[in-house]
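# Inside the fold
Residue strings, one per chain:
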Amino acid sequence: LDDPAAWSADEAVGRLFATQYRPLVRLATLLLRDPGQAEELTQDAFVALHQHWGRLRDPERAVAYLRQSVANRARSVLRHRGVVDRFLRRATEPASVPSAEAGALAAQGDAELLAAVRALPARQREALVLRYYLDLSEAQTAEVMGVSAGAVKSHTSRALVALRRELGESR
Amino acid sequence: MSEQRLRAAFEQRAARVSVAPDALPVIRDKVRQATRRRRRTAVGVGALATAALVGLTAVLVGLPSPGPGPNPSPPVGSGQPSTVEPNRSPSPNPSRPGPGPTTVTAPVYFSGADRLFREYLAVAAPAPDGAIERSIGGHAADPDYGTRWPSGTRLRSTSLDAAAGVGSVDLTGLPAGFTPDPLAVQQLVYTYTAVMADQGTQVSGVRVSVDGVPVPGPQPVPRASTVDTLAPLWLISPQHGATVGTTFDVHLAGSVFEAASRLRVRDAAGAVVRDDPVLLSAGAPARGEAHVQLTLAPGSYTLEVYFVSQRDGSEQGLDDHAITVS
(Lines give C-alpha, C1' and ligand atoms only; values in the text may rest on other atoms or scores of the structure.)
Protein backbone atom coordinates (compact mmCIF):
# COMPACT_ATOMS: atom_id res chain seq x y z
CA LEU A 1 0.00 0.00 0.00
CA ASP A 2 3.04 2.19 0.47
CA ASP A 3 3.12 3.69 -2.98
CA PRO A 4 5.82 6.36 -3.29
CA ALA A 5 3.90 7.94 -6.16
CA ALA A 6 1.19 8.71 -3.61
CA TRP A 7 3.57 10.37 -1.15
CA SER A 8 2.99 14.04 -0.53
CA ALA A 9 5.99 16.32 -0.99
CA ASP A 10 6.34 16.58 2.80
CA GLU A 11 6.27 12.83 3.14
CA ALA A 12 8.81 12.35 0.37
CA VAL A 13 11.18 14.76 2.07
CA GLY A 14 10.80 12.91 5.38
CA ARG A 15 11.32 9.46 3.85
CA LEU A 16 14.27 10.43 1.71
CA PHE A 17 15.80 12.44 4.52
CA ALA A 18 15.95 9.31 6.68
CA THR A 19 18.01 7.36 4.18
CA GLN A 20 19.74 9.99 2.07
CA TYR A 21 20.59 12.98 4.22
CA ARG A 22 23.80 11.67 5.76
CA PRO A 23 25.19 10.18 2.53
CA LEU A 24 24.43 13.42 0.69
CA VAL A 25 26.15 15.57 3.32
CA ARG A 26 29.15 13.26 2.97
CA LEU A 27 29.03 13.61 -0.79
CA ALA A 28 28.88 17.39 -0.48
CA THR A 29 31.81 17.34 1.95
CA LEU A 30 33.94 15.46 -0.55
CA LEU A 31 32.92 17.74 -3.41
CA LEU A 32 33.56 20.98 -1.56
CA ARG A 33 36.93 22.15 -0.48
CA ASP A 34 35.47 23.67 2.65
CA PRO A 35 33.08 21.23 4.35
CA GLY A 36 31.42 24.06 6.28
CA GLN A 37 28.65 24.50 3.73
CA ALA A 38 27.96 20.83 3.08
CA GLU A 39 24.91 20.61 5.32
CA GLU A 40 23.32 23.85 4.24
CA LEU A 41 23.74 22.91 0.62
CA THR A 42 22.23 19.47 1.21
CA GLN A 43 19.28 21.01 3.05
CA ASP A 44 18.69 23.31 0.10
CA ALA A 45 18.69 20.28 -2.19
CA PHE A 46 15.88 18.79 -0.08
CA VAL A 47 13.95 22.06 -0.30
CA ALA A 48 14.30 21.89 -4.09
CA LEU A 49 13.16 18.26 -4.00
CA HIS A 50 10.04 19.34 -2.14
CA GLN A 51 9.27 21.82 -4.90
CA HIS A 52 9.82 19.26 -7.66
CA TRP A 53 8.33 16.18 -6.07
CA GLY A 54 5.20 16.57 -8.16
CA ARG A 55 7.26 15.82 -11.25
CA LEU A 56 9.52 13.13 -9.75
CA ARG A 57 7.14 10.86 -7.83
CA ASP A 58 9.76 8.13 -7.71
CA PRO A 59 12.34 7.57 -4.95
CA GLU A 60 15.02 6.41 -7.38
CA ARG A 61 14.64 9.44 -9.59
CA ALA A 62 14.45 11.56 -6.46
CA VAL A 63 17.82 10.27 -5.25
CA ALA A 64 19.35 11.02 -8.65
CA TYR A 65 17.77 14.46 -8.48
CA LEU A 66 19.19 15.07 -4.99
CA ARG A 67 22.69 14.04 -6.04
CA GLN A 68 22.51 16.23 -9.08
CA SER A 69 21.25 19.10 -7.00
CA VAL A 70 24.06 18.66 -4.45
CA ALA A 71 26.70 18.43 -7.22
CA ASN A 72 25.34 21.55 -8.96
CA ARG A 73 25.22 23.52 -5.74
CA ALA A 74 28.72 22.43 -4.75
CA ARG A 75 29.98 23.48 -8.17
CA SER A 76 28.39 26.90 -7.84
CA VAL A 77 29.85 27.37 -4.35
CA LEU A 78 33.26 26.44 -5.73
CA ARG A 79 32.91 28.88 -8.59
CA HIS A 80 32.32 31.67 -6.09
CA ARG A 81 35.25 30.60 -4.06
CA GLY A 82 37.65 29.88 -6.89
CA VAL A 83 39.91 32.86 -6.40
CA VAL A 84 40.09 32.46 -2.66
CA ASP A 85 40.82 28.78 -2.78
CA ARG A 86 43.68 29.30 -5.15
CA PHE A 87 44.99 31.87 -2.72
CA LEU A 88 44.48 29.63 0.31
CA ARG A 89 46.02 26.63 -1.36
CA ARG A 90 49.18 28.58 -1.88
CA ALA A 91 49.05 29.96 1.63
CA THR A 92 48.52 26.64 3.37
CA GLU A 93 50.84 24.44 1.42
CA PRO A 94 52.29 22.19 4.13
CA ALA A 95 55.99 22.35 4.85
CA SER A 96 57.65 19.03 4.09
CA VAL A 97 58.43 17.93 7.61
CA PRO A 98 59.51 14.29 7.78
CA SER A 99 57.33 12.30 10.13
CA ALA A 100 58.83 10.08 12.80
CA GLU A 101 56.20 7.41 12.99
CA ALA A 102 54.97 4.82 10.54
CA GLY A 103 51.38 5.21 11.79
CA ALA A 104 51.55 8.92 11.31
CA LEU A 105 52.93 8.34 7.84
CA ALA A 106 49.91 6.26 6.87
CA ALA A 107 47.55 8.93 8.16
CA GLN A 108 49.60 11.54 6.37
CA GLY A 109 49.38 9.63 3.13
CA ASP A 110 45.64 9.80 3.35
CA ALA A 111 45.61 13.51 4.09
CA GLU A 112 48.06 14.04 1.28
CA LEU A 113 45.84 12.21 -1.17
CA LEU A 114 42.73 14.09 -0.06
CA ALA A 115 44.57 17.39 -0.30
CA ALA A 116 45.62 16.47 -3.82
CA VAL A 117 42.00 15.62 -4.66
CA ARG A 118 40.88 18.97 -3.24
CA ALA A 119 43.38 20.72 -5.47
CA LEU A 120 41.94 19.16 -8.65
CA PRO A 121 39.65 21.15 -10.94
CA ALA A 122 36.05 20.84 -9.73
CA ARG A 123 34.87 18.65 -12.61
CA GLN A 124 37.72 16.18 -12.18
CA ARG A 125 37.13 15.94 -8.44
CA GLU A 126 33.41 15.49 -9.06
CA ALA A 127 34.04 12.61 -11.45
CA LEU A 128 36.36 10.88 -8.96
CA VAL A 129 34.02 11.27 -6.00
CA LEU A 130 30.98 10.05 -7.92
CA ARG A 131 32.84 7.12 -9.42
CA TYR A 132 34.92 5.97 -6.43
CA TYR A 133 32.96 7.18 -3.43
CA LEU A 134 29.40 6.63 -4.61
CA ASP A 135 30.48 3.83 -6.94
CA LEU A 136 28.31 5.17 -9.73
CA SER A 137 28.75 3.86 -13.25
CA GLU A 138 30.10 6.13 -15.95
CA ALA A 139 26.58 6.60 -17.27
CA GLN A 140 25.17 7.46 -13.83
CA THR A 141 28.06 9.83 -13.17
CA ALA A 142 27.44 11.49 -16.51
CA GLU A 143 23.80 12.00 -15.59
CA VAL A 144 24.63 13.60 -12.24
CA MET A 145 27.30 15.82 -13.78
CA GLY A 146 25.14 16.69 -16.76
CA VAL A 147 27.88 15.73 -19.24
CA SER A 148 28.52 12.86 -21.66
CA ALA A 149 29.94 9.51 -20.59
CA GLY A 150 33.01 10.29 -22.69
CA ALA A 151 33.59 13.48 -20.71
CA VAL A 152 33.35 11.49 -17.47
CA LYS A 153 35.93 9.07 -18.77
CA SER A 154 38.34 11.84 -19.67
CA HIS A 155 37.80 13.82 -16.43
CA THR A 156 38.46 10.63 -14.46
CA SER A 157 41.59 9.63 -16.31
CA ARG A 158 43.03 13.14 -16.20
CA ALA A 159 42.32 13.31 -12.49
CA LEU A 160 44.09 10.02 -11.84
CA VAL A 161 47.11 11.11 -13.87
CA ALA A 162 47.26 14.40 -11.96
CA LEU A 163 47.01 12.63 -8.60
CA ARG A 164 49.76 10.16 -9.45
CA ARG A 165 51.97 12.97 -10.59
CA GLU A 166 51.24 15.08 -7.53
CA LEU A 167 51.82 12.25 -5.07
CA GLY A 168 54.84 10.95 -6.89
CA GLU A 169 56.43 14.34 -6.79
CA SER A 170 55.86 14.83 -3.12
CA ARG A 171 57.21 11.46 -2.14
CA MET B 1 48.16 5.59 -6.20
CA SER B 2 45.57 2.90 -6.75
CA GLU B 3 41.84 3.29 -7.16
CA GLN B 4 41.61 1.18 -4.02
CA ARG B 5 43.53 3.76 -2.04
CA LEU B 6 41.25 6.48 -3.40
CA ARG B 7 38.13 4.58 -2.33
CA ALA B 8 39.58 4.03 1.15
CA ALA B 9 40.57 7.69 1.51
CA PHE B 10 37.07 8.88 0.49
CA GLU B 11 35.47 6.33 2.79
CA GLN B 12 37.59 7.39 5.77
CA ARG B 13 36.98 11.07 5.14
CA ALA B 14 33.25 10.56 4.73
CA ALA B 15 33.07 8.55 7.94
CA ARG B 16 34.34 11.56 9.87
CA VAL B 17 31.46 13.73 8.65
CA SER B 18 28.85 14.33 11.31
CA VAL B 19 25.43 15.76 10.60
CA ALA B 20 23.25 18.10 12.62
CA PRO B 21 20.67 16.27 14.73
CA ASP B 22 17.97 18.82 13.94
CA ALA B 23 18.42 18.93 10.18
CA LEU B 24 14.90 17.73 9.28
CA PRO B 25 13.11 20.52 11.18
CA VAL B 26 15.53 22.96 9.56
CA ILE B 27 14.57 21.63 6.13
CA ARG B 28 10.86 21.79 7.00
CA ASP B 29 11.34 25.42 8.00
CA LYS B 30 13.17 26.22 4.79
CA VAL B 31 10.42 24.53 2.76
CA ARG B 32 7.79 26.64 4.54
CA GLN B 33 9.79 29.78 3.86
CA ALA B 34 10.33 28.90 0.20
CA THR B 35 6.64 28.16 -0.25
CA ARG B 36 5.67 31.40 1.43
CA ARG B 37 8.16 33.30 -0.73
CA ARG B 38 6.77 31.77 -3.90
CA ARG B 39 3.26 32.73 -2.88
CA ARG B 40 4.42 36.21 -1.99
CA THR B 41 6.06 36.55 -5.37
CA ALA B 42 2.84 35.51 -7.07
CA VAL B 43 0.88 38.02 -4.99
CA GLY B 44 3.58 40.63 -5.62
CA VAL B 45 3.26 40.31 -9.36
CA GLY B 46 -0.48 40.86 -9.10
CA ALA B 47 0.06 43.81 -6.82
CA LEU B 48 2.56 45.28 -9.22
CA ALA B 49 0.04 45.17 -12.06
CA THR B 50 -2.53 46.85 -9.84
CA ALA B 51 0.04 49.40 -8.73
CA ALA B 52 0.80 50.23 -12.33
CA LEU B 53 -2.86 51.01 -12.86
CA VAL B 54 -3.40 53.04 -9.74
CA GLY B 55 0.12 54.39 -9.26
CA LEU B 56 -0.56 57.97 -10.19
CA THR B 57 -3.76 58.15 -8.19
CA ALA B 58 -1.98 56.73 -5.18
CA VAL B 59 0.54 59.51 -5.24
CA LEU B 60 -2.14 62.15 -5.65
CA VAL B 61 -4.24 61.01 -2.72
CA GLY B 62 -1.38 59.86 -0.56
CA LEU B 63 0.03 56.38 -0.28
CA PRO B 64 -0.90 54.40 2.80
CA SER B 65 1.93 55.41 5.04
CA PRO B 66 4.38 52.62 5.76
CA GLY B 67 5.46 54.74 8.73
CA PRO B 68 8.78 56.37 9.39
CA GLY B 69 10.23 53.15 10.72
CA PRO B 70 11.36 50.00 9.01
CA ASN B 71 10.13 49.32 5.57
CA PRO B 72 12.42 46.85 3.88
CA SER B 73 10.52 46.60 0.64
CA PRO B 74 11.69 48.81 -2.16
CA PRO B 75 9.07 51.02 -3.73
CA VAL B 76 7.17 49.61 -6.64
CA GLY B 77 5.12 51.57 -9.07
CA SER B 78 5.33 54.72 -6.98
CA GLY B 79 4.73 56.83 -10.03
CA GLN B 80 6.40 60.12 -10.73
CA PRO B 81 5.81 62.23 -7.65
CA SER B 82 7.92 65.07 -8.99
CA THR B 83 5.44 65.68 -11.76
CA VAL B 84 2.52 65.68 -9.36
CA GLU B 85 3.88 68.19 -6.87
CA PRO B 86 1.12 67.97 -4.31
CA ASN B 87 3.41 69.30 -1.64
CA ARG B 88 5.65 71.65 -3.46
CA SER B 89 5.26 74.91 -1.63
CA PRO B 90 7.81 77.71 -1.75
CA SER B 91 9.25 76.57 1.53
CA PRO B 92 9.43 72.84 2.03
CA ASN B 93 9.19 71.58 5.56
CA PRO B 94 12.67 70.32 6.30
CA SER B 95 12.28 70.00 10.06
CA ARG B 96 9.83 67.14 9.71
CA PRO B 97 11.70 63.85 9.67
CA GLY B 98 8.50 61.82 9.57
CA PRO B 99 6.12 61.35 6.67
CA GLY B 100 4.02 64.32 5.85
CA PRO B 101 0.43 64.09 4.74
CA THR B 102 1.68 62.68 1.43
CA THR B 103 4.53 60.22 1.64
CA VAL B 104 6.39 57.98 -0.71
CA THR B 105 8.94 55.30 -0.01
CA ALA B 106 12.37 56.26 -1.26
CA PRO B 107 15.99 55.24 -0.93
CA VAL B 108 17.94 57.58 1.34
CA TYR B 109 21.68 57.52 1.91
CA PHE B 110 23.24 58.36 5.27
CA SER B 111 26.78 58.59 6.57
CA GLY B 112 28.28 56.35 9.19
CA ALA B 113 31.88 55.46 9.90
CA ASP B 114 33.05 57.50 6.90
CA ARG B 115 30.94 55.53 4.46
CA LEU B 116 27.39 55.59 3.17
CA PHE B 117 24.49 53.36 4.17
CA ARG B 118 21.08 53.20 2.52
CA GLU B 119 17.63 52.84 4.00
CA TYR B 120 14.23 52.72 2.31
CA LEU B 121 12.09 55.19 4.17
CA ALA B 122 8.75 56.91 3.97
CA VAL B 123 9.55 60.47 3.01
CA ALA B 124 7.48 63.52 2.21
CA ALA B 125 6.55 63.69 -1.48
CA PRO B 126 7.89 64.65 -3.92
CA ALA B 127 10.52 61.99 -3.46
CA PRO B 128 13.77 63.66 -4.43
CA ASP B 129 13.06 66.53 -2.04
CA GLY B 130 11.78 64.41 0.81
CA ALA B 131 14.66 61.97 0.49
CA ILE B 132 17.29 64.73 0.31
CA GLU B 133 15.79 66.45 3.36
CA ARG B 134 15.88 63.20 5.22
CA SER B 135 19.48 62.62 4.19
CA ILE B 136 20.81 66.06 5.15
CA GLY B 137 18.94 65.86 8.46
CA GLY B 138 20.45 62.43 9.13
CA HIS B 139 17.06 61.09 10.24
CA ALA B 140 17.78 57.41 9.70
CA ALA B 141 15.95 54.53 11.32
CA ASP B 142 19.33 53.25 12.54
CA PRO B 143 20.84 55.63 15.11
CA ASP B 144 24.32 54.59 13.95
CA TYR B 145 23.74 56.41 10.68
CA GLY B 146 23.84 60.17 10.41
CA THR B 147 24.73 63.04 8.17
CA ARG B 148 27.87 64.93 7.16
CA TRP B 149 25.87 68.15 6.90
CA PRO B 150 25.77 70.52 9.88
CA SER B 151 22.48 70.86 11.75
CA GLY B 152 20.47 73.72 10.40
CA THR B 153 21.16 72.75 6.80
CA ARG B 154 17.93 72.86 4.80
CA LEU B 155 16.93 72.07 1.28
CA ARG B 156 15.97 75.06 -0.86
CA SER B 157 15.09 73.22 -4.03
CA THR B 158 15.88 70.41 -6.39
CA SER B 159 15.59 70.44 -10.13
CA LEU B 160 16.29 68.13 -13.01
CA ASP B 161 17.75 68.90 -16.41
CA ALA B 162 16.29 65.83 -18.04
CA ALA B 163 17.99 66.39 -21.39
CA ALA B 164 21.44 66.53 -19.81
CA GLY B 165 20.68 63.89 -17.19
CA VAL B 166 21.88 66.24 -14.48
CA GLY B 167 20.16 67.07 -11.21
CA SER B 168 20.61 70.12 -9.00
CA VAL B 169 20.29 70.39 -5.24
CA ASP B 170 20.37 73.80 -3.61
CA LEU B 171 20.88 74.06 0.13
CA THR B 172 20.69 76.84 2.67
CA GLY B 173 21.23 77.42 6.37
CA LEU B 174 24.91 76.48 6.40
CA PRO B 175 27.48 78.27 8.54
CA ALA B 176 29.44 80.90 6.62
CA GLY B 177 32.52 79.46 4.96
CA PHE B 178 31.42 75.84 5.39
CA THR B 179 32.92 73.56 2.77
CA PRO B 180 31.28 70.15 2.50
CA ASP B 181 33.59 67.16 2.38
CA PRO B 182 33.32 64.78 -0.58
CA LEU B 183 31.28 62.24 1.40
CA ALA B 184 28.73 64.90 2.36
CA VAL B 185 28.30 65.68 -1.32
CA GLN B 186 28.07 61.97 -2.15
CA GLN B 187 25.26 61.56 0.39
CA LEU B 188 23.19 63.86 -1.81
CA VAL B 189 24.49 62.51 -5.12
CA TYR B 190 23.68 58.90 -4.18
CA THR B 191 20.29 59.81 -2.73
CA TYR B 192 19.21 61.96 -5.69
CA THR B 193 20.38 59.50 -8.34
CA ALA B 194 18.84 56.54 -6.46
CA VAL B 195 15.45 58.22 -6.19
CA MET B 196 15.49 59.17 -9.83
CA ALA B 197 16.64 55.70 -10.89
CA ASP B 198 13.70 54.24 -8.96
CA GLN B 199 11.48 56.51 -11.01
CA GLY B 200 13.12 55.32 -14.21
CA THR B 201 15.24 58.42 -14.83
CA GLN B 202 18.96 57.96 -15.22
CA VAL B 203 20.90 60.86 -13.76
CA SER B 204 24.63 60.93 -14.34
CA GLY B 205 25.57 63.71 -11.97
CA VAL B 206 24.27 66.22 -9.46
CA ARG B 207 25.17 69.90 -9.02
CA VAL B 208 25.16 70.83 -5.36
CA SER B 209 24.98 74.47 -4.36
CA VAL B 210 24.61 76.49 -1.17
CA ASP B 211 22.38 79.54 -1.54
CA GLY B 212 22.91 79.27 -5.26
CA VAL B 213 26.72 79.08 -5.07
CA PRO B 214 27.98 75.76 -6.45
CA VAL B 215 30.00 73.47 -4.14
CA PRO B 216 32.57 72.08 -4.68
CA GLY B 217 32.36 73.55 -8.22
CA PRO B 218 30.01 74.14 -11.13
CA GLN B 219 30.60 70.70 -12.65
CA PRO B 220 27.97 68.08 -11.86
CA VAL B 221 29.35 65.47 -9.45
CA PRO B 222 28.90 61.84 -10.52
CA ARG B 223 28.55 58.96 -8.08
CA ALA B 224 31.96 58.17 -6.62
CA SER B 225 33.05 54.53 -6.85
CA THR B 226 31.00 52.25 -4.63
CA VAL B 227 34.09 50.59 -3.16
CA ASP B 228 35.37 53.92 -1.83
CA THR B 229 32.01 55.33 -0.87
CA LEU B 230 29.58 52.70 0.38
CA ALA B 231 30.07 50.87 3.66
CA PRO B 232 31.65 47.48 3.00
CA LEU B 233 28.60 45.72 4.45
CA TRP B 234 24.97 46.71 4.70
CA LEU B 235 22.38 44.95 6.75
CA ILE B 236 19.52 45.89 4.45
CA SER B 237 16.66 44.17 6.19
CA PRO B 238 15.28 43.86 8.73
CA GLN B 239 15.91 47.53 9.28
CA HIS B 240 16.80 48.87 12.70
CA GLY B 241 13.81 48.78 15.03
CA ALA B 242 11.84 46.30 12.91
CA THR B 243 9.50 43.71 14.36
CA VAL B 244 9.59 40.39 12.53
CA GLY B 245 8.02 36.94 12.82
CA THR B 246 9.93 34.03 14.33
CA THR B 247 11.18 32.95 10.91
CA PHE B 248 12.38 35.80 8.78
CA ASP B 249 14.69 36.75 5.97
CA VAL B 250 17.90 38.67 6.53
CA HIS B 251 19.06 40.60 3.48
CA LEU B 252 22.62 41.86 3.38
CA ALA B 253 24.88 43.31 0.74
CA GLY B 254 28.45 44.36 0.50
CA SER B 255 31.79 44.28 -1.13
CA VAL B 256 34.16 42.08 0.82
CA PHE B 257 37.12 39.91 -0.07
CA GLU B 258 36.12 36.44 -1.30
CA ALA B 259 32.46 37.40 -0.69
CA ALA B 260 32.90 36.14 2.87
CA SER B 261 30.77 37.96 5.41
CA ARG B 262 29.38 36.82 8.74
CA LEU B 263 26.06 37.23 10.47
CA ARG B 264 25.97 37.22 14.26
CA VAL B 265 22.87 37.29 16.44
CA ARG B 266 22.94 38.51 20.03
CA ASP B 267 20.08 38.16 22.48
CA ALA B 268 18.80 40.93 24.76
CA ALA B 269 21.59 40.20 27.26
CA GLY B 270 24.23 40.53 24.55
CA ALA B 271 25.05 36.82 24.48
CA VAL B 272 25.88 35.43 21.05
CA VAL B 273 23.03 33.17 19.91
CA ARG B 274 24.62 32.30 16.58
CA ASP B 275 27.45 33.43 14.37
CA ASP B 276 27.46 32.06 10.83
CA PRO B 277 29.46 32.62 7.67
CA VAL B 278 27.41 34.14 4.84
CA LEU B 279 28.67 33.96 1.29
CA LEU B 280 27.57 36.94 -0.77
CA SER B 281 26.68 36.51 -4.44
CA ALA B 282 29.93 38.24 -5.48
CA GLY B 283 33.21 39.22 -3.89
CA ALA B 284 35.08 42.54 -3.91
CA PRO B 285 35.40 44.71 -5.87
CA ALA B 286 31.88 43.74 -6.98
CA ARG B 287 29.02 44.26 -4.57
CA GLY B 288 27.29 41.00 -3.75
CA GLU B 289 24.26 40.22 -1.67
CA ALA B 290 22.73 37.37 0.25
CA HIS B 291 19.46 36.31 1.84
CA VAL B 292 19.60 34.24 4.98
CA GLN B 293 16.66 32.74 6.80
CA LEU B 294 16.72 32.90 10.55
CA THR B 295 14.39 31.31 13.04
CA LEU B 296 14.52 32.82 16.51
CA ALA B 297 12.37 32.54 19.60
CA PRO B 298 10.36 35.68 20.39
CA GLY B 299 12.43 38.38 22.08
CA SER B 300 14.78 41.27 21.43
CA TYR B 301 17.90 40.68 19.39
CA THR B 302 20.71 42.50 17.70
CA LEU B 303 21.73 41.36 14.22
CA GLU B 304 25.33 42.10 13.32
CA VAL B 305 26.92 41.71 9.92
CA TYR B 306 30.70 41.98 9.68
CA PHE B 307 33.69 40.48 7.96
CA VAL B 308 37.03 39.26 9.17
CA SER B 309 40.09 41.16 7.98
CA GLN B 310 42.40 39.11 5.81
CA ARG B 311 45.30 41.10 7.19
CA ASP B 312 44.99 40.71 10.93
CA GLY B 313 41.86 38.65 11.63
CA SER B 314 40.05 41.61 13.19
CA GLU B 315 36.32 42.21 12.76
CA GLN B 316 35.53 44.93 10.27
CA GLY B 317 32.60 46.68 8.70
CA LEU B 318 30.10 46.03 11.47
CA ASP B 319 26.52 47.05 10.70
CA ASP B 320 24.09 46.17 13.48
CA HIS B 321 20.33 46.47 13.84
CA ALA B 322 18.25 45.97 16.94
CA ILE B 323 15.09 44.04 16.14
CA THR B 324 12.16 42.44 17.89
CA VAL B 325 11.01 38.91 17.12
CA SER B 326 7.39 38.28 18.02
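Residues numbered from 1 in each chain as written. Chains lettered and ligands numbered in written order. Predicted model: local features only at pLDDT ≥ 70, side-chain atom pairs only at ≥ 80, totals over all residues. Heavy atoms only, no water.

## Some remarks on the overall build of chain A
From N to C terminus, chain A includes 7 helices and 0 strands. The order of helices and strands in chain A, counted from the N terminus, is α-α-α-α-α-α-α. Counting across all 171 residues of chain A, residues that qualify as buried make up 46%. Contacts in chain A between residues at least 24 apart in sequence constitute 66% of all its contacts with a sequence separation of at least 6. (Helix = DSSP H or I, 4+ residues; strand = E, 2+ residues; numbered from the N terminus. Buried < 20%, exposed > 50% of the residue type's maximum accessible area, 1.4 Å probe, protein only. Contact = heavy atoms within 4.5 Å.)

## Some points on helix H5 (residues 122-133) of chain A
The end-to-end C-alpha distance of H5 of chain A is 15 Å, a good match for the 16 Å that 12 residues give at a rise of 1.5 Å each. Asp 135 of chain A, located one to two residues past H5 of chain A, shows a positive phi value of around 60°. (Expected span 1.5 Å × (residues − 1).)

## Quick look at the sheet that holds strand S4 (residues 166-172) of chain B
For sheets, the rule is that strands pair by backbone hydrogen bonds, running either parallel or antiparallel. Residues and elements named next belong to chain B. Read across the sheet, 4 strands follow the order S3-S4-S5-S6 without closing on themselves; strand pairing throughout is mixed. On the outer flanks of this sheet lie strand S3 (154-161) and strand S6 (213-215), each paired with one strand and no other. Between one strand axis and the next, the sheet turns by 30° as a mean value, whatever way the strands run. The sheet contact formed by S4 and strand S5 (residues 205-210) spans 6 bridges and is parallel. Each bridged residue has a counterpart across the sheet, and for Leu 171 the counterpart in S5 is Val 210. (Pairing = 2+ DSSP bridges. Axes fitted to C-alpha atoms, helices over the stretch in contact; angles between N-to-C directions.)

## Thoughts on the confidence of the model for chain B
In this model, chain B carries an average pLDDT of 80, and 81% of its residues clear a pLDDT of 70 or more. Ignoring residues within four places in sequence, the model shows residues 50-101 of chain B, a span with pLDDT below 50, making 68 contacts including any to other chains. (pLDDT = per-residue confidence, 0-100.)

## A word on a positive patch on the surface
All names here are of chain B. Among the surface-exposed residues, Arg 36, Arg 37, Arg 38, Arg 39 and Arg 40 lie close enough to one another that they form a single positively charged patch. Here Arg 38 lies in helix H2 (residues 23-61). Relative accessible area serves as the criterion here: at 44%, Arg 38 is assigned to the partly exposed category. (Patch = residues over 30% accessible without salt bridge, like charges linked within 9 Å, V, L, I, M, F, W, Y side chains within 5 Å. Areas by Shrake-Rupley, 256 points an atom, 1.4 Å probe, with all protein chains shown as cover. Salt bridge = Lys/Arg side-chain N within 4 Å of Asp/Glu carboxyl O. Lys, Arg positive; Asp, Glu negative; His and termini not counted. Charge placed at Lys NZ, Arg CZ, Asp CG, Glu CD.)

## Some details on the interface of chain B and chain A
Counting residues at the interface gives 29 residues for chain B and 40 residues for chain A. Both sides together, the interface formed by chain B and chain A hides about 3400 Å², and carbon and sulfur atoms give 66% of it. Counting the contacts that link chain B with chain A gives 2 salt bridges. Note that Arg 7 of chain B is salt-bridged to Asp 135 of chain A, the shortest N-O span being 2.4 Å. Seen at the junction of chain B and chain A, the total is 6 residue pairs in polar contact (both at pLDDT 80 or more). The set of elements that each furnish at least two residues to the side of chain B that touches chain A consists of helix H1 (3-15) and H2 of chain B. Along the lines of polarity and charge, the residues of the side of chain B that touches chain A split into 16 nonpolar, 4 polar and 9 charged. (Buried area = accessible area lost by both parts, 1.4 Å probe. Polar contact = N/O pair within 3.5 Å; in protein donor to acceptor, adjacent residues only side chain to side chain. Nonpolar A, V, L, I, M, F, W, Y, C, P; charged D, E, K, R; others polar.)

## With respect to the pattern of salt bridges
Under the defined criterion, the tally for this structure stands at 15 salt bridges over all chains. Note that Glu 11 of chain A is salt-bridged to Arg 15 of chain A, the shortest N-O span being 3.5 Å. Within this pair, Glu 11 of chain A and its partner Arg 15 of chain A are both found in helix H1 (residues 9-31), separated by 4 residues, close to a single helical turn. When its relative accessible area of 33% is taken as the criterion, Glu 11 of chain A is described as partly exposed. Here Asp 170 of chain B ties to Arg 156 of chain B by a salt bridge, and the two come within 2.8 Å at their closest N and O atoms. A residue pair is termed long-range when its members are at least 10 positions apart, and Asp 170 of chain B in strand S4 and Arg 156 of chain B in strand S3 qualify at 14 residues. Here Asp 170 of chain B falls in the buried class, since its relative accessible area comes to 9%. For Arg 156 of chain B, a relative accessible area of 41% translates into the label partly exposed. Ionic contacts of the salt-bridge type, sharing partners, join the residues Arg 264, Arg 266, Glu 304 and Glu 315 of chain B into one network.

## A word on the packing of H5 of chain A against helix H6 (residues 138-145) of chain A
All names here are of chain A. The N-to-C vectors of H5 and H6 enclose an angle of 135°; their axes lie 10 Å apart at closest approach. Judged by the inter-axis angle, H5 sits oblique to H6. Seen along the crossing, H5 lies across H6 with a hand that is right-handed. Residues Arg 123, Glu 126, Ala 127, Leu 130 and Arg 131 of H5 form the contact with H6, whose own contacting residues are Glu 138, Thr 141, Val 144 and Met 145. (Parallel < 35°, antiparallel > 145°, perpendicular 65-115°, else oblique. Left-handed = near helix turned anticlockwise from the far one by under 90°.)

## Details of the sheet that holds strand S14 (residues 315-325) of chain B
All names here are of chain B. Taken together, the 5 strands give an open sheet; going across it, the order is S8-S14-S13-S10-S11, and neighbouring strands pair in mixed fashion. Both edges of this open sheet fall to strand S8 (243-244) and strand S11 (272-279), since each of them pairs with a single strand only. Bridge analysis of strand S10 (residues 260-267) against S11 gives 7 bridges, and the strand direction is antiparallel. Bridging across to S11, Ser 261 finds its partner in Val 278.

## Considering H1 of chain A
Taking 1.5 Å per residue as the helical rise, H1 of chain A with its 23 residues ought to reach 33 Å, whereas the 27 Å between its terminal C-alpha atoms falls clearly short. Of all bends in H1 of chain A, the biggest is about 55°, found at Phe 17 of chain A. (Bend = angle between axes of the 7 residues up to and from the residue.)

## Looking at the packing of aromatic side chains
Tallied over the full model, the rule gives 8 aromatic pairs over all chains. A connected cluster of aromatic rings, assembled from ring pairs, spans Phe 17, Tyr 21 and Phe 46 of chain A. Positioned above the aromatic ring of Tyr 132 of chain A, the side-chain terminus of Arg 131 of chain A is 5.9 Å from the ring centre. Between the NZ or CZ atom of Arg 287 of chain B and the centre of the ring of Trp 234 of chain B, over which it lies, the distance is 4.4 Å. (Phe/Tyr/Trp six-rings, centres within 6.5 Å; stacked < 30°, edge-to-face > 60°. Lys NZ or Arg CZ within 6 Å of the ring centre and 35° of its normal.)

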